[in-house]
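Structural features, examined
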Amino acid sequence: MIRFATKSGGNTPGHLQRTGPGREALAGLALVALPVAMLLMLTLWPTVSMVIATFTVDGHMSTSRYAYFFTDAYSLANLRFTMVQGLVSALSALAISFGIALYLRFSAGRIATMIHALSLFPLFVPSIIISYALVRFLGPNGLFQLLLEQVGFTHYRTPYLTPVGPFLAFVWEALPLPVLVISAGLTQVSDHAVEAARDLGAGPIRILWEVLLPQVRRSLLIAFALIFLGIIGAYTVPYMLGPAAPEMMGVFMQRTLGNLHDADAAQVQAVVLMVISSVVGGFYIATMLKSQGGER
Amino acid sequence: MLQIDTISKAFAGTPAVREVSFTVERGELVCLLGPSGCGKSTLLRVISGLTDADSGSIRIEGADMTRAAANRRPTAMVFQSHALWSHMTVAQNVGFGLRVRGLPKAEIAEKVGAVLDLVGLSSYGKRLPAELSGGQAQRVALARCLVVEPKVLLMDEPFSALDAHLRKSLREELKSLQRRLDLTTIFVTHDQEEAMELADRIVVMQAGRLEQFAAPGSLYRNPQTLGVAQFIGAMNTCTTAVAQGQANWYGTPLRLALPDGEAALLCRPEDLFQDPQGARARVTRVIDLGPVTKVSLMTADGDLLTWTCPREAAPDVDAEITLMPRRLHAFRDGALLSLIERPEPALREGALA
């Protein structure tokens, strides 16, 4: 507002003087005050008070709740299961979407357009729908099993309620983001840059490894962080499709709070997950900042 | 050394290269010259293997390379957009081809150093492509090709994105380097001056066809097709009917030993001279270009003529002068009919009466 006032023609020098940096800073602060206040009140304050609460037992400082979590075999199994599920699903989604992005980069025509559209489709499908669709398709007596039986295969074992169930849903759900960011990265590599490598004797694998991959390395890291964070905090997909034990942290937390009414234990689980998320989030921010500073 | 035999290539039914054949000797620099879209870059890509030919064959030192993949051919290509890999340093870019060939690290470093020295960039090895100027980047691209010691170096308009002054100096550098290394080189350009300065011989291409393959001077003095005559240098073109050894050249009857029919008579601006029996034209513009003066003229029929002459011989604007051709290139249906030296004026009707 003030900036506009100084730019309009008929202002006096006095008017210009009054709009110094201090006033502009104040105006800027006023603009962000509301969201910052919301953040402080609704996120930061509850988080801090919760973290403090997890270290307080009967009015005294104590780490006994964490000691329990990190010695309880079941809690650790759940944490391990969540991390492995996140890692494997995120890496698989990246690998598949890298393949799709490569195909899209070097192909044109109707089939490529169709594959592009299909790979972005999960973006518009809520997790709950994906979960139900997979139950109906891959679950016991689902469409997939019926189709297999039609061709005489009767030994189908459904991935429903096994670690593979949520894995399939996570990968499918996660595809659009890496396809978008890797495709964007690959368009930065000119046809001539690829041809120059081919011309100098490089085969497809070397071109992939030395010419294409380094150009999308950052995109891959960023996509990995975002997918991984989404998966380790997921609730609907593992609740619908995952095994009963071990369970993923989202389900574990909900059950601890909702069924066992053990808010203290649930809070500890939340803090552990939050710390891991912050580490990955920090890594994401560092990569973002580096790519903004490093690009020429 | 390099034999191109009836190579053809079409894209979606549209021919880009049509039955082109020529042979390049060892150590020769041949330019592929022609207007945009004439198929010269396509032909170069066919030679490199980046594009497959539809028919015809390519032999390098006798070995058939027609179906060999790009990474199996003893060629290396410099692209118009230098196509350096932005995440690799200059030294890594240059050493790429050697790494592909599995050379030991020490040998790669040594060869990369030597070739960077050759292109005058020995202290630039650790820089990234983004830190180079256009000319330096193109030199790195050249070094990247030279280091793998290709049998044929292919260059696709490598200097066309650079400014005129830089192009000229890089052209000279390239020529001396090419001579020194005795490197067989195919250089694509649409710039006549560049082709004339660089090439030992020039392939002039038009609409996918090879029009003429000759030394630069020969192309200029003895164009074999109308297309080459009109593409290389300036020409005054007069289309006229020839009957009984006589033709009307800008209103002046000339005696020409040509078969009857339509003919295009082409004359270089420097091949005109003032002669009282010549074609009458009015001077519309005089441009002093320094070494020569360019005179634009218009005949009574509205035809435009260009004459280049020494400055002291230049007429004034609006003067009426008469010009005769010293040499005429006569074409019919695009092909050369005859090159006529000192055409003589025919007797005008009633001149003897």
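Residues numbered from 1 in each chain as written. Chains lettered and ligands numbered in written order. Predicted model: local features only at pLDDT ≥ 70, side-chain atom pairs only at ≥ 80, totals over all residues. Heavy atoms only, no water.

**Description of the overall build of chain B**
- Within chain B, the regular secondary structure consists of eight helices and 21 strands.
- Expressed as lengths along the three principal axes of its C-alpha atoms, the size of chain B is roughly 90 × 45 × 35 Å.
- Taken across its 353 residues, chain B has 52% of its residues classed as buried.
- When contacts within chain B are restricted to residue pairs at least 6 apart in sequence, long-range pairs at least 24 apart make up 64% of them.
- The positive charge centre, built from 39 side chains, and the negative charge centre, built from 41, are 6 Å apart in chain B. (Helix = DSSP H or I, 4+ residues; strand = E, 2+ residues; numbered from the N terminus. Buried < 20%, exposed > 50% of the residue type's maximum accessible area, 1.4 Å probe, protein only. Contact = heavy atoms within 4.5 Å. Lys, Arg positive; Asp, Glu negative; His and termini not counted. Charge placed at Lys NZ, Arg CZ, Asp CG, Glu CD.)

**Quick notes on the overall build of chain A**
- Across its full length, chain A holds 15 helices and two strands.
- For 296 residues, the compact-globule estimate of 2.2 N^0.38 gives 19 Å, and the C-alpha radius of gyration of chain A, at 26 Å, exceeds that figure by more than 25%.
- A principal-axis box enclosing the C-alpha atoms of chain A has dimensions of 90 × 70 × 35 Å.
- In chain A, which comprises 296 residues, the proportion classed as buried is 37%.
- Looking at chain A alone, contacts between residues at least 24 apart form 70% of all its contacts between residues at least 6 apart.
- Approximately 17300 Å² of chain A is accessible, and the part contributed by carbon and sulfur atoms is 70%.
- Of note, chain A has its 17 positive side-chain charges centred 9 Å away from the centre of its 13 negative side-chain charges. (Rg over C-alpha atoms; globule rule 2.2 N^0.38 Å. Areas by Shrake-Rupley, 256 points an atom, 1.4 Å probe, with all protein chains shown as cover.)

**Topic: the environment of A90(A)**
- Within the secondary structure, A90(A) is located in helix α5 (residues 73-106).
- Measuring from C-alpha to C-alpha, the distance between A90(A) and L289(A) comes to 22 Å, with 199 residues separating the pair along the chain.

**With respect to the pairing of strand β15 (residues 272-288) of chain B**
Residue and element names in this part refer to chain B.
- In this sheet, strand β18 (residues 320-325) lies alongside β15 in antiparallel orientation, the contact comprising seven bridges. Paired with A281 across the bridge in β18 is I321.
- Pairing analysis gives seven bridges linking β15 to strand β16 (residues 293-299), with the strands arranged antiparallel. For I287, the partnering residue across the bridge sits in β16 and is K294.
- Joining the antiparallel neighbours β15 and β16 is a turn of four residues, in which G290 adopts a positive phi near 100°. (Pairing = 2+ DSSP bridges.)

**Side note on the domain arrangement of chain B**
All names here are of chain B.
- You can read the domains of chain B as domain 1 (2-230) and domain 2 (235-345).
- Between domain 1 and domain 2, the residue contacts involve ten residues of the former and 13 residues of the latter.
- Summed over both sides, the interface between domain 1 and domain 2 buries roughly 880 Å², with carbon and sulfur atoms accounting for 53% of that surface.
- Of all residues in domain 1, Y220, L226 and A229 bury the most surface against domain 2, accounting for 50% of the area lost on that side.
- Seen at the junction of domain 1 and domain 2, the total is zero salt bridges. (Domains from an automatic or database assignment. Buried area = accessible area lost by both parts, 1.4 Å probe. Salt bridge = Lys/Arg side-chain N within 4 Å of Asp/Glu carboxyl O.)

**Digging into helix α12 (residues 204-232) of chain A**
- Here α12(A) is 29 residues long, yet its end C-alpha atoms lie only 35 Å apart, well below the 42 Å a rise of 1.5 Å per residue gives.
- Where α12(A) bends most, at L213(A), the angle is about 60°, and the proline P214(A) comes one to four residues later. (Expected span 1.5 Å × (residues − 1). Bend = angle between axes of the 7 residues up to and from the residue.)

**Quick look at the sheet that holds strand β11 (residues 236-243) of chain B**
Residue and element names in this part refer to chain B.
- Taken together, seven strands build an open sheet; the order of strands is β20-β19-β14-β11-β12-β13-β21 and the sheet is antiparallel. Because the sheet does not close on itself, it has two edges, and the strands there are β20 (335-341) and β21 (344-345).
- Here two bridges tie β11 to strand β12 (residues 246-249), and the two strands are oriented antiparallel to one another. Pairing of V242 across the sheet is with A247, part of β12.

**Considerations on the packing of α5(A) against helix α6 (residues 110-120) of chain A**
Residues and elements named next belong to chain A.
- Running from amino to carboxyl end, α5 crosses α6 at an angle of 150°, the nearest separation of the two axes being 10 Å. Taken together, the axes of α5 and α6 lie roughly antiparallel to each other. Of the two possible hands of crossing, α5 and α6 adopt the one that is left-handed. Counting all contacts with α5, which are made through I100, Y103 and L104, the residues of α6 involved are I111, A112, I115, H116 and S119.
- Counted by class, the contact of α5 with α6 contains six nonpolar, two polar and no charged residues. (Axes fitted to C-alpha atoms, helices over the stretch in contact; angles between N-to-C directions. Parallel < 35°, antiparallel > 145°, perpendicular 65-115°, else oblique. Left-handed = near helix turned anticlockwise from the far one by under 90°. Nonpolar A, V, L, I, M, F, W, Y, C, P; charged D, E, K, R; others polar.)

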